[in-house]
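The residues making up each chain are set out below.
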Amino acid sequence: RKEVEQDPGPFNVPEGATVAFNCTYSNSASQSFFWYRQDCRKEPKLLMSVYSSGNEDGRFTAQLNRASQYISLLIRDSKLSDSATYLCVVTSGGSYIPTFGRGTSLIVHP
Amino acid sequence: SAVISQKPSRDICQRGTSLTIQCQVDSQVTMMFWYRQQPGQSLTLIATANQGSEATYESGFVIDKFPISRPNLTFSTLTVSNMSPEDSSIYLCSVVGAAADNEKLFFGSGTQLSVL
């Protein structure tokens, strides 16, 4: 089983739609969680951190469920510019080594 | 956030040659990583670049193939040695931010390598 798993998609949604991605992780000792966005042929960029209490940044909401070992990303009112690959990143305690999921591809169409 | 300058941005190389990729950070950072990303795949960690000591390599990656230097806290190089077409990939350096950006990763713009 991979340490961090994501549905690769693609998720193909119309503008204005709400879309949610999930990411599961296998290491129960994982400490920190992030969502990154990667555009085609570009480097990943931090979208948001994920906190136990859940957090929101504009149209984006991230949540963590430690009991079930998954994190989620909700995008409301999708824009064309949201089209990208969304990477789930998990770090574990001790020596900080981030582990990436394979990414979920989102396509927002007019 | 940390600003990372990575070069070259792309290169086309002949089989059997070597390429050195450089990353310069605008601030001192403790942790620096080198990743590889093959088409349609996620990022695979090659190694952690340690300042003043040998890099720590992940399973499947060895120093002879991917020698890494880290002479100080703002600079690192990754060399892809004796290249073959299977080494064609995007190579990314990454650092962990400091202070309020602790545990957040920042990436260089990547080096797209094609080996003929």
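As shown above, the structure is provided for reference.
Residues numbered from 1 in each chain as written. Chains lettered and ligands numbered in written order. Predicted model: local features only at pLDDT ≥ 70, side-chain atom pairs only at ≥ 80, totals over all residues. Heavy atoms only, no water.

1. As for the layout of surface pockets
Of the volumes computed, that of the largest pocket is approximately 630 Å³. If you go around the largest pocket, you meet 24 residues; those closest to its centre are Glu3, Thr99 and Phe100 of chain A together with Leu43 and Thr44 of chain B. At the level of elements, strand E1 (4-6) and strand E10 (98-100) of chain A together with strand E4 (32-37) and strand E5 (43-49) of chain B are the ones that each hand at least two residues to the lining of the largest pocket. Of the residues belonging to the lining of the largest pocket, the class tally is seven nonpolar, eleven polar and six charged. What lines the second largest pocket is a set of 26 residues, and nearest its centre among them are Gln37, Gln38, Pro39, Gly40 and Gln41 of chain B. Looking at the lining of the second largest pocket, the elements with two or more residues in it are strand E9 (84-92) and strand E11 (104-109) of chain A together with strand E9 (89-96) and strand E11 (111-115) of chain B. For the lining of the second largest pocket, the per-class residue count stands at eight nonpolar, 14 polar and four charged. (1 Å grid on protein atoms, 1.4 Å probe; cavity = no way out; pocket = protein on both sides within 12 Å on 5 of 7 lines; lining within 4 Å. Points joined across faces, edges and corners; volume = space filled by probe spheres on them. Helix = DSSP H or I, 4+ residues; strand = E, 2+ residues; numbered from the N terminus. Nonpolar A, V, L, I, M, F, W, Y, C, P; charged D, E, K, R; others polar.)

2. Topic: the packing of aromatic side chains
The geometry of an aromatic ring pair comes down to the distance between the two centres and the angle between the two planes. The final tally for this structure, using the stated rule, is twelve aromatic pairs over all chains. Connected via pairs of aromatic rings, a cluster forms that spans Phe34, Tyr36 and Phe100 of chain A together with Phe33, Tyr35 and Phe107 of chain B. (Phe/Tyr/Trp six-rings, centres within 6.5 Å; stacked < 30°, edge-to-face > 60°.)

3. Comments concerning the sheet that holds strand E7 (residues 68-72) of chain B
Residues and elements named next belong to chain B. Ordered in space as E1-E3-E8-E7, the four strands form an open sheet in which the pairing is antiparallel. Pairing within the sheet leaves two strands with one partner each, and these edge strands are strand E1 (4-7) and E7. Across the sheet, the mean angle separating the axes of adjacent strands is 15 degrees when strand polarity is ignored. In the sheet, E1 pairs with strand E3 (residues 19-25) via four bridges, with the strands oriented antiparallel. Residue Gln6 lies in a different strand from E3, and its bridge partner there is Cys23. (Pairing = 2+ DSSP bridges. Axes fitted to C-alpha atoms, helices over the stretch in contact; angles between N-to-C directions.)

4. A word on the interface of chain B and chain A
Listed by partner, the interface residues are 18 residues for chain B and 17 residues for chain A. When the two sides are added together, the surface that chain B and chain A hide from each other amounts to roughly 1600 Å², 57% of it contributed by carbon and sulfur. Three residues stand out in chain B for area buried against chain A, namely Glu103, Leu105 and Phe107 of chain B, and they jointly supply 32% of the buried area on that side. Our count for the chain B to chain A interface comes out at zero salt bridges. Where chain B packs against chain A, one counts three residue pairs in polar contact (both at pLDDT 80 or more). Of all the secondary-structure elements, those providing two or more residues to the side of chain B that touches chain A are E4, E5, E9 and strand E10 (105-107) of chain B. When the residues that make up the side of chain B that touches chain A are grouped by side-chain class, the tally is nine nonpolar, seven polar and two charged. (Contact = heavy atoms within 4.5 Å. Buried area = accessible area lost by both parts, 1.4 Å probe. Salt bridge = Lys/Arg side-chain N within 4 Å of Asp/Glu carboxyl O. Polar contact = N/O pair within 3.5 Å; in protein donor to acceptor, adjacent residues only side chain to side chain.)

5. Quick word on the side chain of Ser84 of chain B
Summarising the element assignment, Ser84 of chain B is placed in the loop between strand E8 (75-80) and E9. Polar side-chain contacts of Ser84 of chain B include one of 2.9 Å to the side chain of Glu86 of chain B.

6. Let's talk about the state of the cysteines
Taken as a whole and judged by the stated rule, the model has two disulfides over all chains. In this model, Cys23 of chain B is linked to Cys93 of chain B through a disulfide, with the two sulfur atoms separated by 1.7 Å. When the S-S torsion is -80 degrees, as for the bridge of Cys23 of chain B with Cys93 of chain B, the disulfide is left-handed. Of the two residues, Cys23 of chain B sits in strand E3 while Cys93 of chain B sits in strand E9, which places them 70 residues apart along the sequence. Like Cys23 of chain B, the residue Cys93 of chain B is buried in the burial classification. With no disulfide of its own, Cys40 of chain A lies 20 Å from the sulfur of Cys93 of chain B, the closest cysteine sulfur. Using a relative accessible area of 69% as the deciding quantity, one classes Cys40 of chain A as exposed. (Disulfide = S-S within 2.5 Å. Buried < 20%, exposed > 50% of the residue type's maximum accessible area, 1.4 Å probe, protein only.)

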